[in-house]
Amino acid sequence: MALPQRCAAVVVGAGPAGLAVVGNLLERQVGRIAWVDPCFEAGRVNKKYREVPSNTKVSFFQAYATAVQPFRTVISSTPIPNAFLTISKLDQNKTCTLDHAADMVRALTDGIVGMDEVDQCVGTVTAATLENSRWTVSIRQTSGDIEIETTRLIMCTGSSPTNLPIPLSTMNRLDLDVVLKPSELATRLDRHTPQTVAVVGASHSAILALLNLVQLARSSHGDLRIKWFTRHPLRYAEFMDGWILRDNTGLKGLAAEFARQQLEDDRLPKSEAGRFITKIDCGDGQEAAQFDAHFPSCDHIVHAVGYTRDPLPQLTLREAGKAEPETLLQPDFDHETGGFYDQHGRVIPGLYGAGIAFPAKVVDPLGNVEYAVGFWKFMVFLKRVIPGW
Ligand SMILES: Cc1cc2nc3c(=O)[nH]c(=O)nc-3n(C[C@H](O)[C@H](O)[C@H](O)COP(=O)(O)OP(=O)(O)OC[C@H]3O[C@@H](n4cnc5c(N)ncnc54)[C@H](O)[C@@H]3O)c2cc1C
Ligand SMILES: NC(=O)c1ccc[n+]([C@@H]2O[C@H](COP(=O)([O-])OP(=O)(O)OC[C@H]3O[C@@H](n4cnc5c(N)ncnc54)[C@H](OP(=O)(O)O)[C@@H]3O)[C@@H](O)[C@H]2O)c1
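Residues numbered from 1 in each chain as written. Chains lettered and ligands numbered in written order. Predicted model: local features only at pLDDT ≥ 70, side-chain atom pairs only at ≥ 80, totals over all residues. Heavy atoms only, no water.

> A description of the overall build of the chain should follow, citing residues and the corresponding values.
Across its full length, the chain holds 12 helices and 24 strands. For 389 residues, the compact-globule formula gives about 21 Å, and the C-alpha radius of gyration of the chain, at 23 Å, lands near that figure. Taken along its principal axes, the extent of the C-alpha atoms in the chain is 65 × 55 × 45 Å. When each of the 389 residues of the chain is scored for burial, the buried share is 48%. Restricting to contacts in the chain with at least 6 residues of sequence separation, those with at least 24 account for 69%. For the chain, the exposed area adds up to about 18500 Å²; of that, 50% sits on carbon and sulfur atoms. Positive and negative side-chain charges in the chain, numbering 39 and 43 respectively, have mean positions lying 3 Å apart. (Helix = DSSP H or I, 4+ residues; strand = E, 2+ residues; numbered from the N terminus. Rg over C-alpha atoms; globule rule 2.2 N^0.38 Å. Buried < 20%, exposed > 50% of the residue type's maximum accessible area, 1.4 Å probe, protein only. Contact = heavy atoms within 4.5 Å. Areas by Shrake-Rupley, 256 points an atom, 1.4 Å probe, with all protein chains shown as cover. Lys, Arg positive; Asp, Glu negative; His and termini not counted. Charge placed at Lys NZ, Arg CZ, Asp CG, Glu CD.)

Quick look at the structure:
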(Lines give C-alpha, C1' and ligand atoms only; values in the text may rest on other atoms or scores of the structure.)
(Ligands and ions follow the chains in the order given, each with its own letter.)
Protein backbone atom coordinates (compact mmCIF):
# COMPACT_ATOMS: atom_id res chain seq x y z
CA MET A 1 0.00 0.00 0.00
CA ALA A 2 1.27 3.49 -0.89
CA LEU A 3 2.01 6.00 1.88
CA PRO A 4 -0.94 8.28 2.75
CA GLN A 5 -1.23 11.33 0.54
CA ARG A 6 -2.64 14.54 1.98
CA CYS A 7 -5.44 16.59 0.43
CA ALA A 8 -7.53 19.57 1.49
CA ALA A 9 -10.68 17.57 0.75
CA VAL A 10 -11.82 14.12 -0.34
CA VAL A 11 -15.10 14.23 -2.28
CA VAL A 12 -16.89 10.87 -2.57
CA GLY A 13 -19.19 10.51 -5.60
CA ALA A 14 -19.18 12.11 -9.04
CA GLY A 15 -22.89 12.65 -9.61
CA PRO A 16 -24.32 16.16 -9.95
CA ALA A 17 -23.83 16.77 -6.20
CA GLY A 18 -20.20 15.65 -6.03
CA LEU A 19 -19.43 17.75 -9.10
CA ALA A 20 -21.07 20.81 -7.50
CA VAL A 21 -19.00 20.29 -4.34
CA VAL A 22 -15.76 20.06 -6.30
CA GLY A 23 -16.67 23.16 -8.34
CA ASN A 24 -17.33 25.18 -5.20
CA LEU A 25 -14.18 23.96 -3.41
CA LEU A 26 -12.08 24.84 -6.46
CA GLU A 27 -13.65 28.29 -6.61
CA ARG A 28 -12.76 28.81 -2.95
CA GLN A 29 -9.19 27.63 -3.62
CA VAL A 30 -9.04 25.29 -0.62
CA GLY A 31 -6.10 23.31 -2.05
CA ARG A 32 -5.79 19.84 -3.56
CA ILE A 33 -8.99 17.84 -3.87
CA ALA A 34 -9.16 14.06 -4.22
CA TRP A 35 -12.34 13.13 -6.10
CA VAL A 36 -13.41 9.48 -5.92
CA ASP A 37 -15.97 7.59 -8.02
CA PRO A 38 -15.95 4.19 -9.73
CA CYS A 39 -16.69 5.63 -13.18
CA PHE A 40 -16.98 9.48 -13.28
CA GLU A 41 -19.97 9.39 -15.59
CA ALA A 42 -22.44 11.75 -13.87
CA GLY A 43 -23.92 9.24 -11.41
CA ARG A 44 -27.47 7.91 -11.66
CA VAL A 45 -28.79 10.66 -13.90
CA ASN A 46 -26.65 9.23 -16.68
CA LYS A 47 -26.71 5.57 -15.70
CA LYS A 48 -30.45 5.25 -15.04
CA TYR A 49 -32.48 8.36 -15.88
CA ARG A 50 -31.46 9.45 -19.38
CA GLU A 51 -34.96 8.76 -20.72
CA VAL A 52 -36.75 10.45 -17.79
CA PRO A 53 -38.37 13.81 -18.56
CA SER A 54 -37.02 16.49 -16.22
CA ASN A 55 -39.28 18.09 -13.65
CA THR A 56 -37.17 21.24 -13.65
CA LYS A 57 -36.83 23.78 -16.45
CA VAL A 58 -33.77 23.72 -18.70
CA SER A 59 -32.77 27.12 -17.28
CA PHE A 60 -32.02 25.47 -13.91
CA PHE A 61 -29.53 23.08 -15.53
CA GLN A 62 -27.91 26.07 -17.22
CA ALA A 63 -27.84 27.97 -13.92
CA TYR A 64 -26.08 24.99 -12.32
CA ALA A 65 -23.52 24.75 -15.15
CA THR A 66 -22.54 28.40 -14.88
CA ALA A 67 -22.74 28.85 -11.10
CA VAL A 68 -19.01 28.68 -10.33
CA GLN A 69 -15.92 29.97 -12.13
CA PRO A 70 -14.26 26.54 -12.64
CA PHE A 71 -17.38 25.35 -14.52
CA ARG A 72 -17.37 28.50 -16.66
CA THR A 73 -13.70 27.85 -17.44
CA VAL A 74 -14.54 24.31 -18.59
CA ILE A 75 -17.40 25.56 -20.75
CA SER A 76 -15.29 28.19 -22.46
CA SER A 77 -12.44 25.73 -23.15
CA THR A 78 -14.48 22.75 -24.41
CA PRO A 79 -14.44 22.44 -28.20
CA ILE A 80 -17.81 22.90 -29.87
CA PRO A 81 -20.18 21.29 -30.66
CA ASN A 82 -20.60 20.19 -27.05
CA ALA A 83 -23.27 19.40 -24.44
CA PHE A 84 -23.32 23.03 -23.21
CA LEU A 85 -24.14 24.34 -26.66
CA THR A 86 -26.84 21.69 -27.10
CA ILE A 87 -28.55 22.53 -23.81
CA SER A 88 -28.26 26.28 -24.43
CA LYS A 89 -30.26 25.84 -27.65
CA LEU A 90 -33.22 24.18 -25.88
CA ASP A 91 -36.20 26.27 -24.78
CA GLN A 92 -35.04 27.46 -21.37
CA ASN A 93 -38.56 27.71 -19.98
CA LYS A 94 -39.44 24.13 -20.83
CA THR A 95 -38.36 20.78 -19.42
CA CYS A 96 -36.18 18.29 -21.32
CA THR A 97 -35.19 14.65 -21.10
CA LEU A 98 -32.42 14.06 -18.59
CA ASP A 99 -29.95 12.87 -21.24
CA HIS A 100 -29.19 16.56 -21.81
CA ALA A 101 -28.53 17.15 -18.11
CA ALA A 102 -26.43 13.97 -17.92
CA ASP A 103 -24.29 14.94 -20.92
CA MET A 104 -23.76 18.38 -19.41
CA VAL A 105 -22.56 16.87 -16.10
CA ARG A 106 -20.26 14.47 -17.95
CA ALA A 107 -18.74 17.30 -19.99
CA LEU A 108 -18.18 19.41 -16.86
CA THR A 109 -16.68 16.39 -15.10
CA ASP A 110 -14.28 15.72 -17.99
CA GLY A 111 -13.03 19.29 -17.74
CA ILE A 112 -12.82 19.43 -13.94
CA VAL A 113 -10.81 16.20 -13.55
CA GLY A 114 -8.16 17.69 -15.83
CA MET A 115 -7.55 20.64 -13.51
CA ASP A 116 -4.28 20.81 -11.60
CA GLU A 117 -5.85 20.93 -8.13
CA VAL A 118 -7.95 17.79 -8.73
CA ASP A 119 -6.71 14.23 -8.14
CA GLN A 120 -9.09 11.90 -9.92
CA CYS A 121 -9.33 8.55 -8.09
CA VAL A 122 -11.23 5.94 -10.09
CA GLY A 123 -12.34 3.64 -7.30
CA THR A 124 -14.56 3.25 -4.26
CA VAL A 125 -14.14 4.64 -0.77
CA THR A 126 -14.43 1.60 1.51
CA ALA A 127 -13.75 3.13 4.93
CA ALA A 128 -12.54 6.23 6.75
CA THR A 129 -11.13 6.73 10.23
CA LEU A 130 -11.16 9.98 12.18
CA GLU A 131 -8.31 10.73 14.57
CA ASN A 132 -7.36 14.15 15.93
CA SER A 133 -9.72 15.88 13.47
CA ARG A 134 -8.04 14.22 10.48
CA TRP A 135 -9.61 11.55 8.31
CA THR A 136 -7.68 8.67 6.81
CA VAL A 137 -9.72 7.59 3.81
CA SER A 138 -9.30 4.09 2.31
CA ILE A 139 -9.88 3.85 -1.43
CA ARG A 140 -10.13 0.62 -3.41
CA GLN A 141 -8.84 0.91 -6.97
CA THR A 142 -8.23 -1.78 -9.56
CA SER A 143 -4.50 -1.08 -9.22
CA GLY A 144 -4.66 -1.63 -5.42
CA ASP A 145 -5.76 0.13 -2.25
CA ILE A 146 -4.59 3.62 -1.31
CA GLU A 147 -5.09 5.93 1.67
CA ILE A 148 -5.52 9.68 1.66
CA GLU A 149 -5.47 12.01 4.68
CA THR A 150 -7.73 15.02 4.82
CA THR A 151 -9.57 17.38 7.16
CA ARG A 152 -12.68 17.45 4.94
CA LEU A 153 -14.51 14.30 3.84
CA ILE A 154 -17.60 14.98 1.75
CA MET A 155 -20.19 12.30 1.03
CA CYS A 156 -22.16 12.70 -2.21
CA THR A 157 -22.96 9.03 -2.47
CA GLY A 158 -26.53 9.18 -3.83
CA SER A 159 -29.71 7.16 -3.29
CA SER A 160 -31.47 4.26 -5.00
CA PRO A 161 -35.16 3.31 -5.27
CA THR A 162 -36.70 2.10 -2.01
CA ASN A 163 -37.63 -1.55 -2.39
CA LEU A 164 -40.32 -2.87 -0.08
CA PRO A 165 -40.65 -6.66 0.26
CA ILE A 166 -42.53 -8.41 -2.57
CA PRO A 167 -45.90 -9.20 -1.00
CA LEU A 168 -46.66 -12.50 -2.77
CA SER A 169 -44.37 -15.20 -4.12
CA THR A 170 -46.45 -15.21 -7.31
CA MET A 171 -45.42 -11.60 -8.03
CA ASN A 172 -42.29 -10.51 -9.82
CA ARG A 173 -40.51 -7.25 -8.93
CA LEU A 174 -40.15 -4.70 -11.69
CA ASP A 175 -37.26 -2.47 -10.81
CA LEU A 176 -38.28 1.22 -10.68
CA ASP A 177 -35.13 2.13 -12.62
CA VAL A 178 -36.29 -0.17 -15.45
CA VAL A 179 -39.84 1.17 -15.42
CA LEU A 180 -38.44 4.71 -15.74
CA LYS A 181 -36.53 3.64 -18.88
CA PRO A 182 -39.10 2.89 -21.60
CA SER A 183 -36.61 1.31 -24.02
CA GLU A 184 -35.68 -1.31 -21.40
CA LEU A 185 -39.17 -1.73 -19.96
CA ALA A 186 -40.49 -2.76 -23.38
CA THR A 187 -38.08 -5.70 -23.46
CA ARG A 188 -38.80 -6.86 -19.90
CA LEU A 189 -42.52 -7.53 -20.39
CA ASP A 190 -43.76 -10.23 -22.72
CA ARG A 191 -45.95 -8.51 -25.29
CA HIS A 192 -48.03 -11.61 -26.08
CA THR A 193 -49.08 -12.60 -22.54
CA PRO A 194 -51.88 -10.81 -20.70
CA GLN A 195 -50.37 -9.46 -17.50
CA THR A 196 -51.08 -6.95 -14.75
CA VAL A 197 -48.57 -4.65 -13.11
CA ALA A 198 -49.18 -3.23 -9.62
CA VAL A 199 -47.80 0.31 -9.25
CA VAL A 200 -47.51 1.48 -5.63
CA GLY A 201 -47.13 5.23 -5.01
CA ALA A 202 -48.39 8.58 -6.30
CA SER A 203 -45.48 11.00 -6.60
CA HIS A 204 -43.18 11.76 -9.57
CA SER A 205 -41.74 8.28 -9.98
CA ALA A 206 -45.12 6.59 -9.69
CA ILE A 207 -46.80 8.89 -12.22
CA LEU A 208 -43.98 8.40 -14.73
CA ALA A 209 -44.20 4.64 -14.13
CA LEU A 210 -47.93 4.81 -14.97
CA LEU A 211 -47.23 6.94 -18.04
CA ASN A 212 -44.58 4.54 -19.36
CA LEU A 213 -46.76 1.47 -18.76
CA VAL A 214 -49.76 3.13 -20.43
CA GLN A 215 -47.62 4.00 -23.43
CA LEU A 216 -46.61 0.35 -23.73
CA ALA A 217 -50.20 -0.85 -23.35
CA ARG A 218 -51.47 1.47 -26.09
CA SER A 219 -48.66 0.53 -28.48
CA SER A 220 -46.79 -2.79 -28.38
CA HIS A 221 -48.24 -4.52 -25.27
CA GLY A 222 -52.00 -4.44 -25.86
CA ASP A 223 -52.81 -6.99 -23.10
CA LEU A 224 -50.99 -5.08 -20.36
CA ARG A 225 -53.11 -3.80 -17.47
CA ILE A 226 -52.14 -1.70 -14.47
CA LYS A 227 -53.47 -1.54 -10.91
CA TRP A 228 -52.47 1.71 -9.27
CA PHE A 229 -52.27 1.61 -5.46
CA THR A 230 -52.31 5.12 -4.03
CA ARG A 231 -52.80 6.30 -0.48
CA HIS A 232 -53.15 10.03 -1.11
CA PRO A 233 -54.68 12.40 -3.71
CA LEU A 234 -52.48 13.69 -6.51
CA ARG A 235 -50.40 16.62 -5.25
CA TYR A 236 -49.10 19.32 -7.55
CA ALA A 237 -46.52 22.06 -7.20
CA GLU A 238 -48.40 25.40 -7.16
CA PHE A 239 -47.08 28.84 -7.95
CA MET A 240 -47.94 31.20 -5.08
CA ASP A 241 -47.06 34.85 -4.64
CA GLY A 242 -43.27 34.68 -5.17
CA TRP A 243 -42.81 31.08 -4.00
CA ILE A 244 -43.84 27.54 -4.91
CA LEU A 245 -46.06 25.39 -2.70
CA ARG A 246 -44.85 21.74 -2.72
CA ASP A 247 -41.80 22.82 -4.68
CA ASN A 248 -39.99 19.58 -3.82
CA THR A 249 -42.81 17.07 -3.46
CA GLY A 250 -45.54 18.25 -5.85
CA LEU A 251 -45.89 17.02 -9.42
CA LYS A 252 -44.35 19.21 -12.12
CA GLY A 253 -43.65 19.02 -15.85
CA LEU A 254 -44.89 16.11 -17.95
CA ALA A 255 -45.88 14.06 -14.88
CA ALA A 256 -48.17 16.87 -13.68
CA GLU A 257 -49.66 17.33 -17.15
CA PHE A 258 -50.41 13.60 -17.51
CA ALA A 259 -51.86 13.37 -13.99
CA ARG A 260 -54.10 16.42 -14.42
CA GLN A 261 -55.38 15.39 -17.82
CA GLN A 262 -55.78 11.65 -17.35
CA LEU A 263 -55.49 10.42 -13.77
CA GLU A 264 -57.71 12.67 -11.64
CA ASP A 265 -60.87 10.91 -10.46
CA ASP A 266 -63.08 12.92 -12.81
CA ARG A 267 -60.76 12.17 -15.77
CA LEU A 268 -59.61 8.57 -15.34
CA PRO A 269 -62.88 6.83 -16.33
CA LYS A 270 -62.92 8.70 -19.68
CA SER A 271 -59.19 9.08 -20.39
CA GLU A 272 -57.00 6.89 -22.56
CA ALA A 273 -54.99 5.93 -19.45
CA GLY A 274 -58.25 4.78 -17.85
CA ARG A 275 -58.54 2.04 -20.50
CA PHE A 276 -55.55 0.34 -18.89
CA ILE A 277 -55.36 1.62 -15.29
CA THR A 278 -57.58 0.64 -12.37
CA LYS A 279 -57.08 2.94 -9.42
CA ILE A 280 -57.10 1.23 -6.02
CA ASP A 281 -57.67 3.74 -3.24
CA CYS A 282 -55.50 2.82 -0.25
CA GLY A 283 -56.19 5.93 1.84
CA ASP A 284 -57.95 6.02 5.22
CA GLY A 285 -56.44 2.81 6.51
CA GLN A 286 -57.68 0.66 3.61
CA GLU A 287 -54.17 -0.28 2.48
CA ALA A 288 -53.93 -3.82 3.92
CA ALA A 289 -57.43 -4.79 2.82
CA GLN A 290 -56.88 -3.42 -0.69
CA PHE A 291 -53.54 -5.19 -1.01
CA ASP A 292 -55.14 -8.50 0.07
CA ALA A 293 -57.97 -8.04 -2.40
CA HIS A 294 -55.96 -6.98 -5.44
CA PHE A 295 -52.36 -8.23 -5.26
CA PRO A 296 -53.32 -11.85 -6.13
CA SER A 297 -54.44 -10.66 -9.58
CA CYS A 298 -51.13 -8.85 -10.25
CA ASP A 299 -48.15 -10.52 -11.95
CA HIS A 300 -45.59 -7.77 -11.33
CA ILE A 301 -45.08 -5.04 -8.75
CA VAL A 302 -43.19 -1.78 -8.97
CA HIS A 303 -42.61 0.13 -5.75
CA ALA A 304 -42.43 3.84 -6.53
CA VAL A 305 -42.24 4.93 -2.91
CA GLY A 306 -39.19 7.15 -2.82
CA TYR A 307 -35.43 6.69 -2.64
CA THR A 308 -33.13 5.38 0.11
CA ARG A 309 -29.56 6.54 0.74
CA ASP A 310 -26.93 4.22 -0.64
CA PRO A 311 -24.75 2.76 2.13
CA LEU A 312 -21.92 4.95 3.39
CA PRO A 313 -18.43 3.51 3.73
CA GLN A 314 -17.58 2.32 7.23
CA LEU A 315 -16.71 5.37 9.34
CA THR A 316 -14.81 4.97 12.59
CA LEU A 317 -13.34 7.13 15.34
CA ARG A 318 -9.95 6.44 16.92
CA GLU A 319 -9.70 8.16 20.31
CA ALA A 320 -6.50 8.42 22.33
CA GLY A 321 -6.67 6.71 25.73
CA LYS A 322 -9.76 4.59 24.95
CA ALA A 323 -9.70 0.84 25.62
CA GLU A 324 -11.37 0.07 22.27
CA PRO A 325 -9.10 0.92 19.37
CA GLU A 326 -11.89 2.26 17.17
CA THR A 327 -15.55 3.19 17.60
CA LEU A 328 -18.02 2.78 14.75
CA LEU A 329 -19.61 6.13 13.91
CA GLN A 330 -23.34 6.30 13.14
CA PRO A 331 -23.60 9.62 11.34
CA ASP A 332 -26.78 11.65 11.56
CA PHE A 333 -27.03 14.36 8.87
CA ASP A 334 -27.61 18.01 9.78
CA HIS A 335 -29.79 19.35 6.96
CA GLU A 336 -28.97 22.95 7.95
CA THR A 337 -25.16 22.91 7.86
CA GLY A 338 -24.37 19.91 5.68
CA GLY A 339 -22.41 18.38 8.59
CA PHE A 340 -23.08 15.28 10.69
CA TYR A 341 -23.58 14.39 14.36
CA ASP A 342 -22.45 11.14 15.96
CA GLN A 343 -24.70 8.81 17.96
CA HIS A 344 -24.04 10.94 21.08
CA GLY A 345 -25.16 14.17 19.36
CA ARG A 346 -21.60 15.52 18.98
CA VAL A 347 -20.52 17.18 15.74
CA ILE A 348 -18.32 14.83 13.68
CA PRO A 349 -15.37 17.01 12.66
CA GLY A 350 -14.74 17.40 8.94
CA LEU A 351 -17.56 15.12 7.72
CA TYR A 352 -20.08 16.65 5.30
CA GLY A 353 -22.73 15.55 2.82
CA ALA A 354 -24.72 16.78 -0.18
CA GLY A 355 -27.02 15.60 -2.94
CA ILE A 356 -30.14 13.45 -3.02
CA ALA A 357 -28.88 11.47 -0.01
CA PHE A 358 -28.04 14.55 2.04
CA PRO A 359 -30.26 17.47 0.97
CA ALA A 360 -30.99 20.80 2.63
CA LYS A 361 -34.12 21.19 4.71
CA VAL A 362 -36.41 24.00 3.53
CA VAL A 363 -39.46 25.49 5.24
CA ASP A 364 -42.03 27.32 3.11
CA PRO A 365 -44.00 30.42 4.21
CA LEU A 366 -46.81 28.15 5.47
CA GLY A 367 -44.37 26.20 7.64
CA ASN A 368 -44.31 23.04 5.47
CA VAL A 369 -40.97 21.22 5.70
CA GLU A 370 -39.41 19.69 2.58
CA TYR A 371 -36.01 18.49 1.41
CA ALA A 372 -34.45 20.34 -1.50
CA VAL A 373 -33.51 17.80 -4.18
CA GLY A 374 -32.38 18.96 -7.63
CA PHE A 375 -29.28 20.16 -9.49
CA TRP A 376 -29.86 23.85 -8.81
CA LYS A 377 -31.02 23.24 -5.25
CA PHE A 378 -27.79 21.34 -4.46
CA MET A 379 -25.83 24.30 -5.83
CA VAL A 380 -27.75 26.88 -3.77
CA PHE A 381 -27.27 24.82 -0.59
CA LEU A 382 -23.56 24.31 -1.24
CA LYS A 383 -22.92 27.97 -1.90
CA ARG A 384 -24.45 28.71 1.49
CA VAL A 385 -22.76 26.00 3.58
CA ILE A 386 -19.36 25.37 2.00
CA PRO A 387 -17.81 28.60 3.38
CA GLY A 388 -18.36 27.06 6.84
CA TRP A 389 -16.73 23.71 6.00
C1 LIG B 1 -35.94 9.63 -11.30
C2 LIG B 1 -35.33 10.94 -10.89
C3 LIG B 1 -35.45 12.05 -11.68
C4 LIG B 1 -34.89 13.28 -11.30
N5 LIG B 1 -35.09 14.36 -12.10
C6 LIG B 1 -34.53 15.54 -11.76
C7 LIG B 1 -34.72 16.70 -12.57
O8 LIG B 1 -35.46 16.66 -13.54
N9 LIG B 1 -34.09 17.84 -12.22
C10 LIG B 1 -33.29 17.92 -11.12
O11 LIG B 1 -32.72 18.99 -10.88
N12 LIG B 1 -33.12 16.86 -10.31
C13 LIG B 1 -33.73 15.67 -10.59
N14 LIG B 1 -33.60 14.58 -9.75
C15 LIG B 1 -32.90 14.75 -8.46
C16 LIG B 1 -31.37 14.69 -8.48
O17 LIG B 1 -30.84 15.73 -9.24
C18 LIG B 1 -30.80 13.37 -8.97
O19 LIG B 1 -31.28 12.33 -8.14
C20 LIG B 1 -29.28 13.32 -8.97
O21 LIG B 1 -28.85 12.20 -9.69
C22 LIG B 1 -28.69 13.23 -7.57
O23 LIG B 1 -27.32 13.36 -7.67
P24 LIG B 1 -26.29 12.86 -6.54
O25 LIG B 1 -24.96 13.34 -6.99
O26 LIG B 1 -26.77 13.23 -5.21
O27 LIG B 1 -26.35 11.26 -6.60
P28 LIG B 1 -25.98 10.19 -7.74
O29 LIG B 1 -26.30 10.71 -9.08
O30 LIG B 1 -26.63 8.91 -7.33
O31 LIG B 1 -24.39 10.04 -7.66
C32 LIG B 1 -23.76 9.38 -6.57
C33 LIG B 1 -22.39 8.91 -7.04
O34 LIG B 1 -21.65 8.48 -5.89
C35 LIG B 1 -20.91 7.31 -6.25
N36 LIG B 1 -20.60 6.59 -5.01
C37 LIG B 1 -21.46 6.07 -4.11
N38 LIG B 1 -20.79 5.49 -3.10
C39 LIG B 1 -19.46 5.64 -3.37
C40 LIG B 1 -18.26 5.24 -2.71
N41 LIG B 1 -18.29 4.57 -1.54
N42 LIG B 1 -17.09 5.55 -3.28
C43 LIG B 1 -17.04 6.25 -4.46
N44 LIG B 1 -18.15 6.65 -5.12
C45 LIG B 1 -19.34 6.35 -4.58
C46 LIG B 1 -21.86 6.57 -7.18
O47 LIG B 1 -21.17 5.63 -7.97
C48 LIG B 1 -22.44 7.72 -8.00
O49 LIG B 1 -21.64 7.97 -9.15
C50 LIG B 1 -34.16 13.37 -10.09
C51 LIG B 1 -34.06 12.24 -9.28
C52 LIG B 1 -34.64 11.05 -9.66
C53 LIG B 1 -34.53 9.86 -8.74
N1 LIG C 1 -37.78 14.20 -13.35
C2 LIG C 1 -38.83 13.66 -12.77
O3 LIG C 1 -39.95 13.82 -13.20
C4 LIG C 1 -38.64 12.86 -11.55
C5 LIG C 1 -39.10 11.53 -11.52
C6 LIG C 1 -38.94 10.79 -10.35
C7 LIG C 1 -38.33 11.36 -9.24
N8 LIG C 1 -37.90 12.64 -9.29
C9 LIG C 1 -37.26 13.26 -8.12
O10 LIG C 1 -36.74 12.25 -7.28
C11 LIG C 1 -37.05 12.50 -5.92
C12 LIG C 1 -37.89 11.36 -5.37
O13 LIG C 1 -39.17 11.35 -6.00
P14 LIG C 1 -40.20 10.15 -5.89
O15 LIG C 1 -41.39 10.52 -6.66
O16 LIG C 1 -39.56 8.88 -6.26
O17 LIG C 1 -40.49 9.97 -4.36
P18 LIG C 1 -40.89 10.99 -3.20
O19 LIG C 1 -41.13 12.37 -3.72
O20 LIG C 1 -39.91 10.77 -2.13
O21 LIG C 1 -42.32 10.45 -2.73
C22 LIG C 1 -42.48 9.16 -2.26
C23 LIG C 1 -43.93 8.80 -2.44
O24 LIG C 1 -44.12 7.45 -2.09
C25 LIG C 1 -45.22 7.35 -1.19
N26 LIG C 1 -44.96 6.25 -0.29
C27 LIG C 1 -43.92 6.11 0.58
N28 LIG C 1 -43.99 4.94 1.21
C29 LIG C 1 -45.11 4.32 0.73
C30 LIG C 1 -45.72 3.08 0.98
N31 LIG C 1 -45.21 2.21 1.88
N32 LIG C 1 -46.85 2.76 0.30
C33 LIG C 1 -47.37 3.63 -0.58
N34 LIG C 1 -46.85 4.83 -0.89
C35 LIG C 1 -45.72 5.16 -0.22
C36 LIG C 1 -45.27 8.67 -0.48
O37 LIG C 1 -46.56 8.87 0.02
P38 LIG C 1 -46.81 9.60 1.46
O39 LIG C 1 -46.63 11.06 1.21
O40 LIG C 1 -48.20 9.19 1.79
O41 LIG C 1 -45.79 9.03 2.41
C42 LIG C 1 -44.90 9.63 -1.60
O43 LIG C 1 -46.01 9.93 -2.40
C44 LIG C 1 -37.77 13.86 -5.92
O45 LIG C 1 -36.82 14.85 -5.69
C46 LIG C 1 -38.31 14.00 -7.32
O47 LIG C 1 -38.39 15.35 -7.73
C48 LIG C 1 -38.03 13.38 -10.43
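> Can you explain helix α6 (residues 98–113)? Please cite residues and give values.
Here α6 spans 22 Å end to end across 16 residues, near enough to the 22 Å set by a 1.5 Å rise per residue. Along α6, the residues classified as buried are Leu98, Ala101, Ala102, Met104, Val105, Ala107, Leu108, Thr109, Ile112 and Val113. (Expected span 1.5 Å × (residues − 1).)

> Can you break down the UniProt feature "domain: FAD/NAD(P)-binding" (unreviewed entry) in the chain residue by residue, with the values?
Mapped onto this numbering, the UniProt entry gives "domain: FAD/NAD(P)-binding" (unreviewed entry) at residues 10–206. Along residues 10–206 one finds 35% helix and 25% strand; the C-alpha atoms at either end are 35 Å apart. (UniProt positions renumbered as here; feature names shortened; annotations may be inferred.)

> How would you sum up the site of ligand 2? Please name residues and give values.
Around ligand 2, a shell composed of 19 residues is seen, among which Asn55, Ser203, Ser205, Arg231 and His232 lie nearest. Take His232: an N or O atom from its side chain is 2.7 Å from an oxygen atom of ligand 2. Look at ligand 2: alone it shows 910 Å² of surface, and the protein chains cover 75% of it. Here the shell around ligand 2 gets three residues from one element, more than from any other, and that element is helix α9 (residues 204–217). By residue class, the composition of the shell around ligand 2 is nine nonpolar, seven polar and three charged. For the shell around ligand 2, the domains that each give at least three residues are domain 1 (5–159 + 308–388) and domain 2 (163–305). (Near = heavy atom within 4 Å. Polar contact = N/O pair within 3.5 Å; in protein donor to acceptor, adjacent residues only side chain to side chain. Nonpolar A, V, L, I, M, F, W, Y, C, P; charged D, E, K, R; others polar. Domains from an automatic or database assignment.)

> Which residues make up the packing of helix α1 (residues 16–27) against helix α4 (residues 69–77), and what values go with them?
How two helices sit against one another is set out by the angle between their axes and by the gap between those axes. At a minimum axis distance of 7 Å, the contact between α1 and α4 shows a crossing angle of 105°. Looking at the two axes, α1 sits roughly perpendicular to α4. Between α1, through Leu19, Ala20, Gly23, Leu26 and Glu27, and α4, the contact on the second element is made entirely by Gln69, Pro70, Phe71 and Arg72. Grouping the amino acids of the contact of α1 with α4 by side-chain chemistry returns five nonpolar, two polar and two charged. (Axes fitted to C-alpha atoms, helices over the stretch in contact; angles between N-to-C directions. Parallel < 35°, antiparallel > 145°, perpendicular 65-115°, else oblique.)

> Outline the sheet that holds strand β11 (residues 195–200), supporting the account with residue identities and numerical values.
An order of β10-β16-β11-β12-β15 is seen for the five strands of this open sheet, with the pairing classed as parallel. This sheet does not close on itself; its edge strands, each paired only once, are β10 (172–173) and β15 (277–281). Relative to strand β12 (residues 224–230), β11 runs parallel, the two being bridged by six bridges. In the strand pairing of β12, Ala198 is matched with Lys227. Sitting on the sheet, α9 is in contact with β11, β12 and β15, with an inclination near 165° to β12. (Pairing = 2+ DSSP bridges.)

> So what's going on with the nonpolar core? Which residues, and what values?
For soluble globular proteins, nonpolar side chains are generally found buried alongside one another. One finds Trp35, Tyr64, Ile112, Trp135, Leu153, Ile207 and Leu263 to be the most contacted residues of the largest nonpolar core, which totals 115 residues. Per-element accounting of this core gives the leading share, 10 residues, to α9. Two domains share this core, each providing at least three of its residues, namely domain 1 (5–159 + 308–388) and domain 2 (163–305). Non-local contacts of Ile207, meaning those with residues more than four positions away in its chain, are made with Ala202, Trp228, Leu234, Leu251, Ala255, Phe258, Ala259 and Leu263. By size, the runner-up hydrophobic cluster in this structure holds nine residues, among which are Met171, Ala198, Phe229 and Cys298. (Core = buried A, V, L, I, M, F, W, Y, C linked by side-chain atoms within 4.5 Å.)

> Give a detailed account of the pattern of salt bridges, specifying residues and quantitative values.
Working definition: two side chains of opposite charge can pair if their charged atoms are close together. The tally for this structure, following the rule as stated, stands at 22 salt bridges. Glu238 is the salt-bridge partner of Arg246, the closest N and O atoms lying 3.3 Å from each other. The exposure class assigned to Arg246 is partly exposed, which follows from its relative accessible area of 27%. With its nearest N and O atoms 2.8 Å apart, the salt bridge here joins Asp265 to Lys279. One end of the pair, Asp265, is in the loop between α10 (253–263) and β15; the other, Lys279, is in strand β15, and 14 residues separate them in sequence. For Asp265, a relative accessible area of 54% corresponds to the exposed category. With relative accessibility at 29%, the residue Lys279 sits in the partly exposed group. Through salt bridges with shared partners, a single network forms among Arg6, Arg134 and Glu149. (Salt bridge = Lys/Arg side-chain N within 4 Å of Asp/Glu carboxyl O.)

> Go over the site of ligand 1, please, and point to the residues and values.
The local shell around ligand 1 holds 32 residues, among which Asp37, Asn55, Thr56, Ile356 and Phe375 are the closest. Between Ala17 and ligand 1, the recorded distance is 3.0 Å, taken from a backbone N or O atom to an oxygen atom. Taking Cys156, its main chain carries an N or O atom lying 3.3 Å from an oxygen atom of ligand 1. The protein chains hide 89% of the 990 Å² of surface that ligand 1 would expose on its own. Listed by contribution, the elements that provide at least two residues to the shell around ligand 1 are α1, β3 (33–37), α2 (44–47), β5 (124–131) and α12 (375–385). In terms of residue class, the shell around ligand 1 is made up of 18 nonpolar, 12 polar and two charged.

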